[in-house]
Amino acid sequence: MDKVISLTENYEFRRVYAKGKSAVRPAVVVYALRRPGKDVRVGITATKKIGSAVERNRARRLLRESVRTLWPRLRFGYDFVLVSRGKTPHVKCGTVLSEMTDAMRALSVLREEVER
RNA sequence: CGAGUAAGCCGGACAGCCGCGGGUGUACGCCGAAAGGCCGCAUCUGAGGAAAGUCCGAGCUCCACAGGGCAGGAAUAACGGCUAACGGCCGCCGGGGGCGACCCCAGGGAAAGUGCACAGAAAUAUACCGCUGCCGUUUGGCAGUAAGGGUGGAAUGGUGCGGUAAGAGCGCACCGGCGCAAGGGAGACUUUGCGGCCAGGUAAACCCUAUUCGGAGCAACACCGUGGAGGGACAUACGCGUCGGCCCGGCGCGUCCCGUGGAGGUGGCUUGAGCCGCGCGGCAACGCGCGGUCGAGAAAGAUGGUUGUCCAAGACAGAACUCGGCUUAUAGGCUUAGUCGCGGC
RNA sequence: GUGGAUAUAGCUUAGUUGGUUAAAGCGCCAGUUUGUGGCACUGGAGACCGUCGGUUCGAAUCCGACUUUCCACC
């Protein structure tokens, strides 16, 4: 269980939006929903509000890179949805990573925080 | 040296580590009846000049379609060539702009017809003022006249001389336009000569002429297809449900085959009117020959992160079936060839 | 991928087809009325018609390119 599974279908995103908890930071919004099983699944979105195709790609890549760094610390059995915001493509990767870590801590889905 | 013109090119570079998509090869292990797949490793490879807008033209696929004409609709518009084709490109002609290199032009037809237009007397048919003649003589009436005034973007070809009552291509010279003939050119066209003055603009107004045009789009389309609707065969031996109080009997549940196809999957999917080099033909677009080469192919959708060095400190911007163009966005830089100005030898 | 519509005063719309003057309502400003305000009445300002270019004597209108917003179909 060491590979990120993507959320694909629209109903999965809707379920996380409707029933999950959220944390908002200037460059990222994190939704998290507990579900049965040990898989961790992640969905990344960038709407047309973000900008052109280049800017949307940039936002997605930053979020994906951040979640790759953060991956070993996540608790099992959660669905995550990461939403990019208008600032996301114009920000450095370290900023996204720290904001995402902060949001995850606020949702108490990081493994080390629970074990402590 | 400065200014400007045209054509072409580049679109941060290099290295280390971590990570991602695809192709090929493959050990152990795991899954699977098998084919094969997963994980791992090695190796090769991985966005653009516009990938964009979707404005044109094609390939490809499916649908429709006996042949011909008219009407209607859309697009294009000098001429010659290039191209698979084009509304594209090249050359050239005509017109316009620039001192020049050079640039720009939807550039057929207004003597087929209709419509339109402030002002102005009048816009293709006309006399308001004026000028001249005659009549009347008080204002005036009739006729001639486009030289002048005024209006307008445009006023009966322009300028000058003659001519005339005053005028007028009425006559002449030059210029402009039109027609005819001859010479040149592949042609648009051009040069020369002659003729006579007949002909306002607008067709990106209707229209006329010539040419071209069937429709839809990779979410096309083809194949597989648990479930579901349909048809057939077998078994109707057993069991269950149903019609019924019960029996016989009928129907459904079962197996196999045919066929339709929702979800899903696979193909279409990248080797092509390809790219690079050399030679030849052509003013050029381009063509021909020879040699070399393979440069993305995903399916929630791959190029990112970080560290270091360098410089001019990195603009516009991300493939989604594929090509040929057009249009639009674009920091900065490089190369080549002309032009103009200034200075020096 | 394909097709269509939209842009006009601060706001909501006419005018566009068929060329020469941009009209209306609400709002805004000033005045009249009223003890004051509203209502009512009178008057006024406010637009170079999304941007750029072209055709024409003349363009909101015709033509081309671009931009914005919205819609439909597969």
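Attention here is on the structure that accompanies the text. Along every chain, residues carry numbers that run from 1 in the direction the sequence is written. Working convention: letters from A go to chains and numbers from 1 go to ligands, in the order in which they are written. With the structure being a predicted model, the display of local features is reserved for residues of pLDDT at least 70 and the display and counting of side-chain atom pairs for 80 or more, all residues being used for whole-chain, interface and lining totals. In computing side-chain properties, one takes all heavy atoms of the structure into account and sets aside hydrogens as well as water.

**A short note on the protein's contact with RNA strand B**
Thought 1: Nearness is defined per residue: one heavy atom within 4 Å of the molecule or strand is enough. If you check the shell around RNA strand B, you find 14 residues, and the closest are Val-54, Asn-57, Arg-58, Arg-61 and Arg-68.
Thought 2: Sugar plus phosphate: this is where 70% of the atoms of RNA strand B within 4 Å of the protein reside.
Thought 3: Pairs of N or O atoms are called polar contacts if they sit within 3.5 Å, as long as, within protein, a hydrogen donor faces a hydrogen acceptor (for residues adjacent in sequence, only side-chain-to-side-chain pairs). Taking Ser-52, its side chain carries an N or O atom lying 3.5 Å from a phosphate oxygen of RNA strand B.
Thought 4: No other element matches the 8 residues that helix H2 (residues 53–70) contributes to the surface near RNA strand B.
Thought 5: Under the scheme applied here, ten amino acids are nonpolar (Ala, Val, Leu, Ile, Met, Phe, Trp, Tyr, Cys and Pro), four are charged (Asp, Glu, Lys and Arg), and all others, including Gly, are polar. Residue classes in the surface near RNA strand B are distributed as 4 nonpolar, 4 polar and 6 charged. Here a helix means four or more residues in a row that DSSP labels H or I, a strand means two or more in a row labelled E, and each is numbered from the N terminus.

**A short note on the environment of Thr-69**
Thought 1: The residue Thr-69 is located in helix H2 in this model.
Thought 2: Working definition: with a 1.4 Å probe on protein chains only, accessible area under 20% of the residue-type maximum means buried, over 50% means exposed, and in between means partly exposed. Overall, the relative accessible area of 44% leaves Thr-69 in the partly exposed class.
Thought 3: For the pair Thr-69 and Leu-97, spaced 28 residues apart in sequence, the C-alpha separation works out to 8.0 Å.

**Focus: the pairing of strand E3 (residues 28–34)**
Thought 1: The buried fraction of E3 amounts to 6 of the 7 residues, a majority that puts the element mostly inside the structure.
Thought 2: Across 5 bridges, the pairing between strand E2 (residues 21–25) and E3 is antiparallel. For Lys-21, the partnering residue across the bridge sits in E3 and is Ala-32.
Thought 3: One requirement defines pairing of two strands: DSSP has to find at least two bridges between them. Hairpin connection between E2 and E3: a loop of 2 residues separates the two successive antiparallel strands.
Thought 4: By the bridge criterion, 7 bridges tie E3 to strand E5 (residues 78–84) in an arrangement that is antiparallel.

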